[in-house]
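Coordinates in review
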Amino acid sequence: MTHALHYGTGVFEGIRGNWNEEQGVVNIFRLREHYERLLRGARLLMLNIPYSAEELCDITVELVERNEHSQDIYIRPLVYKSAEMVANLKLQDLESDFTLITVPFGNYLGSDLLRCCTSSWRRVDDPMIPARLKICGIYVNSILAKTEATLAGFDEAIILNHDGHVCEGSGENLFVVSDGRLITPSLEDNVLPGITRDTVIQLAQSELGLDVLERSIDRSELYLADEVFLTGTAAHLTPVVELDHRPIGDGNAGPVSSKLQKMYFDIVVGRTEKYRHWCTPASPR
Ligand code: PMP
């Protein structure tokens, strides 16, 4: 009877912990930002969660430590309408609960160089269900797109907005490299405000000195781009080398994608002193 199972009334997060052999710790990447996003979603769905972002971070570190992980892990918090009540669509009537799991996790996309298709499914628009939050039910949209793409033999779907502009992958934000500039759909384009997206924007600007534009992207710009890549907690930073059977650039990982990818990997495992503040260490007991 759990409400969230019937109606998708929950919000969740996807967080990665990266095992660092030398340090003997799992480094959890940008933990606090994930919980801030979770709490924003909880507010919209009237989910009562009796913990602050700070407390959620502490609970998470404790769970990772108690589970004694010494490998890469995925961390999945879920706040959901737990009321055992059907035929009630009033959020204000329904009590909430919270669960947290940590599981070993490796490569998500199954390929280092992605072959993608443009999905026939369109992204939900903000006045339908706000895509800026990780709402459980909204993932049916992503799942339809991902299923269609993979059954057709592609690695991932590129989803367009209701107006035909480029939105994102099923679980990743999208970037285009064109004429030495980095372009990504703006937050008003129904994208999830990705934490990896934010990380890559900061690195591109401050480490590579690139101009980063957040603006609507036409579908045709993807076919003509020098490079395209996807970013996400699960997906890391992964180049798209083919879209709808057309090669992107020369059909290989491009130089900007490769540089950013290397920087990102070093940072998430806690090897880069300058960005160590983005990592929360958890030591297996
Ligand atoms: N878009 C969607 C639809 C997603 O599910 C995700 C994964 N959370 C992302 C983008 C990337 O977000 P993040 O970098 O915060 O994982």
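Owing to the predicted nature of the structure, the values given are computational and were not obtained by experimental measurement.

**Details of the overall build of the protein**
The helix and strand tally for the protein stands at seven helices and 15 strands. Relative to its length of 285 residues, the protein is compact, with a C-alpha radius of gyration of 19 Å against a globular reference of 19 Å. A principal-axis box enclosing the C-alpha atoms of the protein has dimensions of 55 × 50 × 30 Å. The buried share of the protein, taken over its 285 residues, is 42%. If you take every contact in the protein between residues at least 6 apart in sequence, the share linking residues at least 24 apart comes to 70%.

**Topic: the domain arrangement of the protein**
When its domains are assigned, the protein resolves into domain 1 (3-104) and domain 2 (114-268). Once you take the C-alpha centre of each, domain 1 and domain 2 turn out to be 24 Å apart. Listed per partner, the contact involves 22 residues of domain 1 and 10 residues of domain 2. Put simply, the parts of the chain that give the side of domain 1 that touches domain 2 at least two residues each are α1 (3-7), β1 (10-12), β2 (15-20), β3 (25-29) and α2 (31-44). Split into classes, the residues belonging to the side of domain 1 that touches domain 2 amount to nine nonpolar, seven polar and six charged.

**Things to note about helix α3 (residues 53-66)**
If you check α3, its first and last C-alpha atoms are 20 Å apart, about what 14 residues at 1.5 Å a residue would give, namely 20 Å. Considered for burial, the residues of α3 that qualify are Leu 56, Thr 60 and Val 64. An end-on view of α3 places all buried positions within 70° of arc, on one side of the element. Opposite the buried face of α3, by more than 90 degrees, sit the exposed residues Glu 54, Glu 55, Glu 62 and Arg 66.

**Let's talk about the pairing of strand β10 (residues 181-184)**
With three bridges connecting them, strand β9 (residues 173-178) and β10 associate as antiparallel partners. Paired with Ser 178 across the bridge in β10 is Arg 181. Counted along the chain from β9 to the antiparallel partner β10, the turn is two residues long, and its residue Asp 179 has a positive phi close to 50°. Examined bridge by bridge, β10 and strand β11 (residues 212-214) share three bridges and lie parallel to one another. Its bridge partner lying in β11, Ile 183 is registered against Leu 213.

**Description of the confidence of the model for the protein**
Taken residue by residue, the protein gives an average pLDDT of 97. The fraction at 70 or more is 100%. Two summary scores accompany this predicted model of the complex, namely pTM at 0.98 and ipTM at 0.99.

**Here's the deal with the site of the ligand**
Contacts to the ligand come from 14 residues, most closely from Gly 194, Ile 195, Thr 196, Gly 232 and Thr 233. Of all the secondary-structure elements, those providing two or more residues to the shell around the ligand are α5 (195-206) and β12 (227-232). Per element, the largest residue contribution to the shell around the ligand is three residues, and it comes from α5.

Here is what the cut-offs are and how they apply
Residues numbered from 1 in each chain as written. Predicted model: local features only at pLDDT ≥ 70, side-chain atom pairs only at ≥ 80, totals over all residues. Helix = DSSP H or I, 4+ residues; strand = E, 2+ residues; numbered from the N terminus. Rg over C-alpha atoms; globule rule 2.2 N^0.38 Å. Buried ≥ 20, exposed ≤ 12 C-beta atoms within 10 Å, placed from the backbone. Contact = placed C-beta atoms within 7 Å. Domains from an automatic or database assignment. Nonpolar A, V, L, I, M, F, W, Y, C, P; charged D, E, K, R; others polar. Expected span 1.5 Å × (residues − 1). Arc of directions from axis to C-beta. Pairing = 2+ DSSP bridges. pLDDT = per-residue confidence, 0-100. Near = placed C-beta within 6 Å.

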